[in-house]
Amino acid sequence: MLQVNNILAEKEKYVAGLKKRNINNATALLNEVIQLDESRKKTQQELDSNLAEANTIAKQIGALMKQGRKEEAEQIKTRTAELKQLNKELADRLNEIQSELTHKLYNIPNVPHESVPAGTSADDNEEIKKAGEIPQLHGQAVPHWDLIKKYDIIDFDLGVKIAGAGFPVYKGKGARLQRALVNYFLDEAVKAGYAEVQPPIVVNEASGYGTGQLPDKEGQMYHVQAENLYLIPTAEVPITNLYRDVILNESELPVKNVGFTPCFRREAGSWGAHVRGLNRLHQFDKVEIVQIRKPEESYQALNEMCAHVEHLLNSLNLPYRILKLCGGDMGFTSALTYDFEVYSAAQEKWLEVSSVSNFETYQANRLKLRYKDENKKSILLHTLNGSAMALPRIMAAILENNQDENGIAIPEVLHMYTGFERI
RNA sequence: AGAGGAGUGGCGGAGUGGUCGAACGCGGCGGUCUUGAAAACCGUUGUACCGCAAGGUACCGGGGGUUCGAAUCCCUCCUCCUCUGCCA
C-alpha cells in the first residue's frame, strides 16, 4: 500500500499517477487519507499523554502502598478510574480510525511509473518490441486443442471427470514435455543466479494481504475454508511473503529467488467462447522469478528480468512481442509491467506467457520488508517478480508452431529434458 | 488426533504482580592496546508511532480479560517439543 508520508510530500504526483489508472476522484481520495491520518495522529497524541499520566499515577500508587499509605493510594485511584474509561474510548476510536485508514489504503492501487502510458484497456498497451519469425504452417495445420487429441498428450475430458473444466490431464509425451519445460526453466534461472525454492502452494490470509491479492482479488482465489487457507494464484505470493516482517542486511541483497509451483485461479467471470484448450485454465504450472532490490537498483533489475524471459523465448524459437502495460491494464500493485506474448500460429493469436513487474515499495510497505543502510536506517525495499514462464500457453505455441504433416518437432534445447525430439 | 511441557531482544537464557524494554552470557558495532591480528579491557547494541526537541507511547507468540499497575494471573487461538496413536 501507499505510504501516507509520501502522499503528503508529493500529492500532485500521486494524483496524476492515479489518473493514469482512470481514478478520477484521486484528489478527494487522497485527501480523505490525509485527513484520517491527521485524526489518527491527534487521537494517538491524546491517548499517549493520558497513558503517560496513568503510568505515573500507577507508580505513585505503588510507592504509597509500599509505605503503607493505603488511604492516599485509594484516593488517587479515582483519577485512574476516570482515565481508564477515557482511554478505553480513545483506544477504540484510534482503532477505528486506523482500520478505516488501512482499509482506504488497501483499496488504492499503486501509482504507475512515469513512463507508463495512459489508457483504459489492453488496446492501449504499448508494443515496445517484436521478435522472432512467425512460422508458415502447412495446409492441414490445426490449433493445439486438436493436436493434443490427435497425439493423445493432454486430456480435458479426463480432467473434467476427476475435477472439473479447466483441469487438464497431461499424458505420455505431453506430461514429459511439461516436466521438461519446468526443468529447463528452473535450470536457466539457477544459471542466471536465482536461488531455487519450493514453497507451499497454500497460503494464509496474512500472506494474501502481504502481496496484495487480498482484499483486491478475494474472489479469484480458491479458498480452503476449514483451514482458512488460499490456493496460490502464483508463486509470487509464497515466495515474496518469505520476506514478510524481515529486515535484511545490506550484504544479503539483492535477493533472487526462483520457484516452480502449480497455480490456481477461479477465473470467475472470465470464460467465454474465445477461451479454448490451454489458453485459460484453473490450474497451471509456472516458474516464477522474484527479486528484492534496493530502490535505486530496481528498474535495472526489471530490465534484467525481461532479458531473462527474452532469452527463454529466443531459445525456444517462439515469436514474441513485449508490451508495456498502460495504466488501465496494469495489476493493482504494480508500478510498471511488461507483458510477454508468444504467437500461437494455428489459432493466430498472441498469448500472454509472462508478466514482469516492479512493485516498488507497494508490497514492501505491507510486508514490512526493509533493509538497514550504512547509517542503520530502515529503508523499504522494492519487490519485483516475473513469470519465467507460464507453461500452458508456451506448450500451446510450441505444439502449434512446430507441427508438420508427420508430427510436432520439439525445440532443440528441450531434447535433453524430453528424451525425444518429436511427438 | 489424545496426554503433558514450552513460547522472552540476532542467538542462548534469567525474570512468576510495581522501580522490567527487560539481568547475565554469546554475537554485532565503536574504542584502548598491537607493526598487524588474536586475547584482554572500556563503551555501545530491538522495532514502530507521536514530537522541532526534550521526551512520551506501544510491543516479552497473536487476540481478549482481571488489576491503580501484567513478561508475570485468567480466557482463547497459533506454533514448537516429548510420549501415545495414525499415516505418505
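Everything quoted here is computed from the prediction, not taken from an experiment.

A few points about the protein's contact with RNA strand B
Neighbouring residues of RNA strand B: 19 residues in total, closest Arg-40, Gln-44, Ala-58, Lys-66 and Lys-372. Backbone sugar and phosphate groups make up 68% of those atoms of RNA strand B lying within 4 Å of the protein. A distance of 3.4 Å is found between a phosphate oxygen of RNA strand B and a side-chain nitrogen or oxygen belonging to Ser-378. Those elements that place two or more of their residues in the surface near RNA strand B are helix 3 (26-66), helix 4 (70-106) and strand 14 (370-372). Per-element tally for the surface near RNA strand B: the top contributor is helix 3, with 13 residues. Here the surface near RNA strand B is built from residues that sort into five nonpolar, six polar and eight charged.

Regarding the packing of aromatic side chains
Within a pair of aromatic rings, the relevant descriptors are the distance that separates the centres and the angle that separates the planes. As enumerated under the stated definition, the model contains six aromatic pairs in all. Between the aromatic rings of Tyr-106 and Tyr-209, the centroid separation amounts to 5.2 Å while the plane-to-plane angle is 40°, which identifies the pairing as tilted. Of this pair, Tyr-106 sits in helix 4 while Tyr-209 is found in helix 8 (residues 205-211), placing the two residues 103 residues apart along the sequence. Geometrically, the ring pair formed by Phe-332 and Tyr-362 is edge-to-face, given 6.4 Å between the ring centres and 80° between the ring planes. Within this pair, whereas Phe-332 is found in the loop between strand 11 (320-324) and strand 12 (336-344), its partner Tyr-362 is found in helix 11 (residues 362-367), the two being separated by 30 residues in sequence. Aromatic ring contacts, followed pair by pair, group Tyr-184, Phe-185 and Tyr-417 into a single cluster. In this structure, Lys-173 is placed above the aromatic ring of Phe-420, and the distance from its NZ or CZ to the ring centre is 4.9 Å. The ring centre of Tyr-194 lies 4.8 Å from the NZ or CZ of Lys-256, which sits over that ring.

What about the sheet that holds strand 5 (residues 202-203)?
Taken together, the three strands give an open sheet; going across it, the order is 5-7-6, and neighbouring strands pair in antiparallel fashion. The open sheet has two edge strands, strand 5 and strand 6 (223-224), and neither has a second partner. Where strand 6 lies against strand 7 (residues 229-231), two bridges are found, and the strand directions are antiparallel. The residue of strand 7 that forms the bridge with His-223 is Tyr-230.

Regarding the pattern of salt bridges
Considering all chains together, one arrives at 24 salt bridges under this definition. Glu-297 is paired through a salt bridge with Arg-293; the nearest N and O atoms lie 3.1 Å apart. Judged by relative accessible area, Arg-293 falls into the buried class, the value being 6%. In this structure, Glu-304 and Arg-293 form a salt bridge, with 3.4 Å as the shortest nitrogen-oxygen distance. Remark: Arg-293 occurs in strand 10 (residues 283-293) and Glu-304 occurs in helix 10 (residues 298-315); sequence separation between them is eleven residues.

A few points about the environment of Val-258
If you trace the backbone, Val-258 turns up in strand 9 (residues 255-264). Here Val-258 falls in the buried class, since its relative accessible area comes to 0%. Placed 138 residues apart in sequence, Val-258 and Thr-120 show a C-alpha to C-alpha distance of 32 Å. With residues up to four places along the chain from it excluded, the contact list for Val-258 reads Leu-186, Ala-189, Val-190, Tyr-194, Ala-195, Glu-196, Val-197, Ile-239, Val-287, Glu-288 and Ile-289.

A short note on the sheet that holds strand 14
Whether parallel or antiparallel, the strands of a sheet pair through hydrogen bonds between backbone atoms. Strands sit in the order 8-14-15 across an open sheet of three strands; the sheet is mixed. In this open sheet, the two strands that pair with only one neighbour each are strand 8 (247-249) and strand 15 (378-380). Across this sheet, the average inter-strand angle for adjacent strands is 40°, counted without regard to direction. Looking at chain direction, strand 8 and strand 14 are connected through three bridges and run parallel.

Notes on helix 4
With 37 residues, helix 4 extends 51 Å between its outermost C-alpha atoms, agreeing within 8% with the 54 Å of an ideal straight helix rising 1.5 Å per residue. At Thr-78, helix 4 shows its largest bend, some 25°. Burial in helix 4 covers these residues: Ala-73, Leu-83, Asn-87, Leu-90, Leu-94, Ile-97, Leu-101 and Leu-105. On the buried face of helix 4, the contacting elements are helix 1 (4-9), helix 3 and helix 11.

Some words on the domain arrangement of chain A
Under the domain assignment, chain A is made up of domain 1 (4-106) and domain 2 (122-418). Averaged C-alpha coordinates put domain 1 and domain 2 at centres separated by 42 Å. Opposite the five residues of domain 1 that make contact, domain 2 presents ten residues. Here domain 1 packs against domain 2, burying approximately 560 Å² in sum over the two surfaces, 48% of which is carbon and sulfur. Sorting the residues of domain 1 by area buried against domain 2 places Lys-20, Arg-21 and Tyr-106 first, and these three jointly supply 88% of that buried surface. Counting across the domain 1 and domain 2 interface gives five residue pairs in polar contact (both at pLDDT 80 or more). Here the residues of the side of domain 1 that touches domain 2 sort into two nonpolar, one polar and two charged.

Reading the values: rules and limits
- Residues numbered from 1 in each chain as written.
- Chains lettered and ligands numbered in written order.
- Predicted model: local features only at pLDDT ≥ 70, side-chain atom pairs only at ≥ 80, totals over all residues.
- Heavy atoms only, no water.
- Near = heavy atom within 4 Å.
- Polar contact = N/O pair within 3.5 Å; in protein donor to acceptor, adjacent residues only side chain to side chain.
- Helix = DSSP H or I, 4+ residues; strand = E, 2+ residues; numbered from the N terminus.
- Nonpolar A, V, L, I, M, F, W, Y, C, P; charged D, E, K, R; others polar.
- Phe/Tyr/Trp six-rings, centres within 6.5 Å; stacked < 30°, edge-to-face > 60°.
- Lys NZ or Arg CZ within 6 Å of the ring centre and 35° of its normal.
- Pairing = 2+ DSSP bridges.
- Salt bridge = Lys/Arg side-chain N within 4 Å of Asp/Glu carboxyl O.
- Buried < 20%, exposed > 50% of the residue type's maximum accessible area, 1.4 Å probe, protein only.
- Contact = heavy atoms within 4.5 Å.
- Axes fitted to C-alpha atoms, helices over the stretch in contact; angles between N-to-C directions.
- Expected span 1.5 Å × (residues − 1).
- Bend = angle between axes of the 7 residues up to and from the residue.
- Domains from an automatic or database assignment.
- Buried area = accessible area lost by both parts, 1.4 Å probe.

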